[in-house]
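Chain by chain, the residues:
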Amino acid sequence: MFHSVIEARLRLAVAAVVPTANLTVVQVRPATESRFGEFQSNSLMSIARSLGINPRQLAADIVARLELGDICAPVEIAGPGFLNFRLLPAALVGLVTDALAGQHLFFEPTARSKSIVIDFSSPNVAKPMHVGHIRSTGIGDALQRLWRLLGHRVVTDNHIGDWGTQFGKLLVGWKTLLDRVALEADPIAEMERLYREVNTRCDADPLCLDVARRELVLLQAGDPENLSIWQEMIRLSQVQFDTIYGRLGVRFDVVLGESFYNSELAGVVGSLLSAGVARESEGAVAVFSDGKLAPKEDPFLIHKEGEWVDIPALIRKSDGGFNYMTTDLATLVHRLKTWNPDEIIYVVDDRQSAHFKSLFLVFERWQPEAANGVILRHIGFGKILGDDGKPFKTRSGDTVKLGDLLNEAEERTLKVVAEKRPDLSLSEQKEIARVVGIGAVKWQDLLPNRQSDYVFSWDKMLALQGNTAPYLQYQYTRASKVVRDAGDRDADQGVVLTEAAELALVRHLMNFGFTLQAAAEECRPNYLCNYLYELASHFSRFYEACPVLKVEEPARSSRIGLCELAARVLKLGLNTLGIEVTDRM
RNA sequence: GCGCGGGUAGCUCAAUUGGAUAGAGCGUCGGUCUCCGAAGCCGAAGGUUGUGGGUUCAAUUCCCGCCCCGCGCACCA
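What you see is a predicted model; the values in this text were computed from it and never measured.

Chemist: Would you mind going over the overall build of chain A with me for this structure?
Modeler: Check the secondary structure of chain A and you find 22 helices and 15 strands. In chain A, once contacts between residues fewer than 6 apart in sequence are set aside, the share between residues at least 24 apart is 73%. Of the roughly 27,300 Å² of accessible surface on chain A, a fraction of 51% belongs to carbon and sulfur atoms. Distance from the positive charge centre (65 side chains) to the negative charge centre (75 side chains) of chain A: 2 Å.

Chemist: Looking at this structure, I do not really get the environment of Ser122. What am I missing?
Modeler: Within the fold, Ser122 resides in the loop between strand 5 (115–119) and helix 5 (132–149). On the basis of relative accessibility, which here comes to 24%, the residue Ser122 falls in the partly exposed class.

Chemist: Where do I start with the domain arrangement of chain A in this structure?
Modeler: A common measure of how large an interface is: the accessible area buried when the components associate. What the domain assignment lists for chain A is domain 1 (2–86), domain 2 (115–160 + 259–379), domain 3 (166–250) and domain 4 (402–576). Taken over C-alpha atoms, the centre of domain 3 sits 44 Å from the centre of domain 4.

Chemist: I keep staring at the protein's contact with RNA strand B and nothing clicks. Help me out?
Modeler: The environment of RNA strand B is made up of 72 residues, and the closest members are Lys317, Asn449, Tyr543, Lys550 and Met585. If you look at RNA strand B and keep only atoms within 4 Å of the protein, 56% of those are sugar or phosphate atoms. Element by element, the count of residues in the surface near RNA strand B is highest for helix 21 (residues 525–545), at eight residues. For the surface near RNA strand B, the per-class residue count stands at 28 nonpolar, 20 polar and 24 charged.

Chemist: In this structure, what is going on with the sheet that holds strand 3 (residues 76–78)? I would like to understand it.
Modeler: Strand pairing in a sheet relies on backbone hydrogen bonds. The paired strands run either parallel or antiparallel. Spatially, 1-2-4-3 is the arrangement adopted by the four strands of the open sheet, whose pairing is antiparallel. Strands at the two margins of the open sheet, each flanked by one partner only, are strand 1 (29–30) and strand 3. Where strand 1 meets strand 2 (residues 39–41), two bridges bridge the pair, whose relative direction is antiparallel. When the sheet's bridge partners are listed, Arg29 is paired in strand 2 with Gln40. On the sheet, helix 3 (residues 55–65) packs against strand 3 and strand 4 (82–85) and is oriented at approximately 170° with respect to strand 3.

Chemist: Would you explain helix 4 (residues 89–100) in this entry?
Modeler: The α-helix winds at 3.6 residues per turn, so residues separated by three or four positions along the chain end up facing the same way. Taking 1.5 Å per residue, 12 residues should reach 16 Å; helix 4 reaches 17 Å between its end C-alpha atoms and fits that length. By the burial criterion, the buried members of helix 4 are Ala91, Leu92, Leu95, Val96, Ala99 and Leu100. Among the structural elements, helix 1 (2–17), helix 19 (500–510) and helix 22 (555–576) are those in contact with the buried residues of helix 4. Taken from the residues just after helix 4, Gly102 is the one with a positive phi, measuring 85°.

Chemist: Would you mind going over the sheet that holds strand 12 (residues 343–347) with me for this structure?
Modeler: Strand order across the open sheet formed by four strands is 6-5-12-13, with parallel pairing between neighbours. The strands lining the two open edges of the sheet, one partner per strand, are strand 6 (153–157) and strand 13 (375–379). The mean angle between the axes of side-by-side strands here comes to 20°, regardless of whether they run parallel or antiparallel. Looking at chain direction, strand 12 and strand 13 are connected through five bridges and run parallel. Within strand 13, the position partnered with Tyr346 by the bridge is His378. Together, strand 5, strand 6, strand 12 and strand 13 form the strand contacts of helix 5, whose direction differs from that of strand 12 by roughly 155°. On the sheet, helix 13 (residues 353–366) packs against strand 12 and strand 13 and is oriented at approximately 170° with respect to strand 13.

Chemist: Would you mind going over the pattern of salt bridges with me for this structure?
Modeler: Once the charged atoms of two side chains with opposite charge are near each other, the side chains can pair. In total, this model carries 35 salt bridges according to the counting rule given. For the salt bridge of Arg86 with Glu76, the shortest nitrogen-to-oxygen distance reads 3.1 Å. Separated by 10 residues along the polypeptide, Arg86 in the loop between strand 4 and helix 4 and Glu76 in strand 3 bring together distant segments of the chain. Arg377 is the salt-bridge partner of Glu343, the closest N and O atoms lying 2.9 Å from each other.

Chemist: I would appreciate a short explanation of the nonpolar core in the present structure.
Modeler: Generally speaking, a soluble globular protein has its nonpolar side chains buried in company with each other. Core analysis: the biggest nonpolar cluster contains 140 residues, and Ile6, Phe85 and Leu532 have the highest contact counts within it. Looking at which element gives the most residues to this core, the answer is helix 22, with nine residues. Core analysis: the next-biggest nonpolar cluster, separate from the first, contains 33 residues, Met325, Val348, Leu359 and Val374 among them.

Chemist: Can you help me understand the pairing of strand 6 in this one?
Modeler: Along any regular strand the residues' side chains alternate between the sheet's two faces. Of all five residues making up strand 6, four are buried, and the element is well covered by its neighbours. Here strand 5 pairs with strand 6 via five bridges, running parallel. The residue bridging Val117 from the neighbouring strand is Val155, located in strand 6. This β-α-β element, strand 5 to helix 5 to strand 6, shows right-handed connectivity.

Chemist: Teacher, can you tell me more about unusual backbone geometry here?
Modeler: Apart from glycine, the bulk of residues carry a negative phi angle, and the bulk of peptide bonds sit in the trans form. Residue Pro554 is reached from Glu553 by a cis peptide bond, and omega for that bond is 5°. Looking at the element boundaries, Pro554 is found in the loop between helix 21 and helix 22. A positive phi angle, near 65°, is found at Phe106, a position not held by glycine. Backbone geometry at Cys523 places phi at a positive 55°, although glycine is not the residue there. Here Cys523 shows up in the loop between helix 20 (512–521) and helix 21. Take Cys523: its relative accessible area is 0%, and that puts it in the buried class.

Chemist: Is there a simple way to think about the packing of aromatic side chains in this case?
Modeler: When we look at a pair of aromatic rings, we describe it by the centre distance and by the angle of the planes. Enumeration according to the criterion identifies 15 aromatic pairs in this entry. When the centroid spacing of 5.1 Å and the interplanar angle of 80° are considered together, the rings of Trp163 and Trp230 count as edge-to-face. One end of the pair, Trp163, is in the loop between strand 6 and helix 6 (166–177); the other, Trp230, is in helix 10 (residues 224–248), and 67 residues separate them in sequence. Here the two residues Trp163 and Trp230 agree in accessibility, since each one is buried. Aromatic pair Phe456 and Trp458: ring centres 5.1 Å apart, planes at 90°, arrangement edge-to-face. With relative accessibility at 2%, the residue Phe456 sits in the buried group.

Chemist: How should I be thinking about the pairing of strand 4 in this particular structure?
Modeler: Relative to strand 4, strand 2 runs antiparallel, the two being bridged by three bridges. Within the sheet, the bridge partner assigned to Phe39 lies in strand 4 and is Phe85. Alignment of strand 3 against strand 4, held across three bridges, turns out to be antiparallel. Of the residues in strand 4, the one forming a bridge with Ala78 is Phe82.

Analysis parameters
Residues numbered from 1 in each chain as written. Chains lettered and ligands numbered in written order. Predicted model: local features only at pLDDT ≥ 70, side-chain atom pairs only at ≥ 80, totals over all residues. Heavy atoms only, no water. Helix = DSSP H or I, 4+ residues; strand = E, 2+ residues; numbered from the N terminus. Contact = heavy atoms within 4.5 Å. Areas by Shrake-Rupley, 256 points an atom, 1.4 Å probe, with all protein chains shown as cover. Lys, Arg positive; Asp, Glu negative; His and termini not counted. Charge placed at Lys NZ, Arg CZ, Asp CG, Glu CD. Buried < 20%, exposed > 50% of the residue type's maximum accessible area, 1.4 Å probe, protein only. Domains from an automatic or database assignment. Near = heavy atom within 4 Å. Nonpolar A, V, L, I, M, F, W, Y, C, P; charged D, E, K, R; others polar. Pairing = 2+ DSSP bridges. Axes fitted to C-alpha atoms, helices over the stretch in contact; angles between N-to-C directions. Expected span 1.5 Å × (residues − 1). Salt bridge = Lys/Arg side-chain N within 4 Å of Asp/Glu carboxyl O. Core = buried A, V, L, I, M, F, W, Y, C linked by side-chain atoms within 4.5 Å. Right-handed = clockwise from strand over helix to strand, strands pointing away. Phe/Tyr/Trp six-rings, centres within 6.5 Å; stacked < 30°, edge-to-face > 60°.

Now the structure itself:
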């Protein structure tokens, strides 16, 4: 790709002129405006600054050493020291020709493949998946697709909540209140009912709480009856997970729930104690501040009533039970041992950022060498809000179940499809409604910057105009329709790029790879969303301005080719976000 | 109180992490189908980027103060 060629050669030139320069800061990026050419570099100005020399003079010296005559017009030095790169028309034509010949699709796999574990979704056993799971699931799935597309080795791991204190109450409910018929009809709803009923009883009756605790202890001790009930609850929940993930097109390489690590937890605590990282406190075992960080940076300290006091991370409760910190440490160790990854990515709600900060620090203190060899990243995200600016709920104030949400998305879309396309059969309409409805939910979720909250709106996500999944999917159908109607393209006619709309489309296609890489590295799927929306707009303008099937050769074949490439990039890009396309809608 | 996010057009959000004249969508107003799919396209209006300083060729972005909003702050995850 031209981007990496230009960047590599620019680095060579910089190294020749300034041998001491840090070459990683030398970066080339797509030009912000077409009048600046195809690519630009702003890096020389900061290098000049750190060297205390005139940036334009430095730029002139470097440009004199720069060998790009085979692909670029003479490099322009603009303003205080920008470099502007304009591709030769033949280079652009060559790039498109190669793409049409199947040699690339405007991106290239990484030269340095990493292995990455991605932890996302993490639903709980015996509870319905709800709207809160969209974000982790959608963002996590998009990220794993992105990293894989670029040639990295990815392991996706669904860390299911299949262990914990809630099972005491669930067991009591199962043994005393279970309605077999209801369980048969809707197992999740029945288990949810059991939990709620026991929970309210326990709030009023301490005796009930005691019973629940006893059931939990029995479960943890391996009591056969409780164990088999627990396994049945997991099995029933897994059916729900599989249904939802099937509809979302999400799959995991491994599903290792919290319970998988039970046998490791005592060892983790023992190891942390003997390493001197943890100590006993008020009957519990906890990790305290080691005083090496400034109080403000230290997650194990908190400012209260005028002084800094300890807020240790608990790894064993005073009753002997373990916390999720302990489980997360055991999980981390297991992942390192099993996959030896370069990076582990946790796609979890931003509200848990303090937990991950603590987790990573505890691990560093516990196993410094291992921690040194892996990058641990908490990829957080904001909440989904309703129209009222408060967390998104149903009218009656309940959490919105994910299955219901997907149903509604499909139903609402079906109404639109039935109205717009009465000529299609019902089954075709339903298939379109499925693809568009699910796509709309995902797009709305992936489009905003992940760390900010966003407002959930049926009307906005299903709107047929504007920055929505239906708009992109529609542009895809237009492009692919032309390609279908065109029959075989005459490759011998060559690629001709004369119209402004053609050039704008090609320039944008060319930036696909740059965008994929940025989106993956920053773990920001919205970069790809923005890119694809712009691509769809560029295509639409091109389609409006340039007749395809009705124009003389060689423009005809050339433009069919552009439609084909736009369609392929749109489809691949959307698929990388976990969104499907249809040929008709 | 302390920490972490956030505050950008009437509304909902971007801004490739310090770049060139801060961009989209919705809404408003206007134009555009005898012509490859109008679920489209074109145009107009709309901004002191919460606020006050600072750093520099350049600040929505980095630093400091202040004002609002959300979230978190040992034995739930």
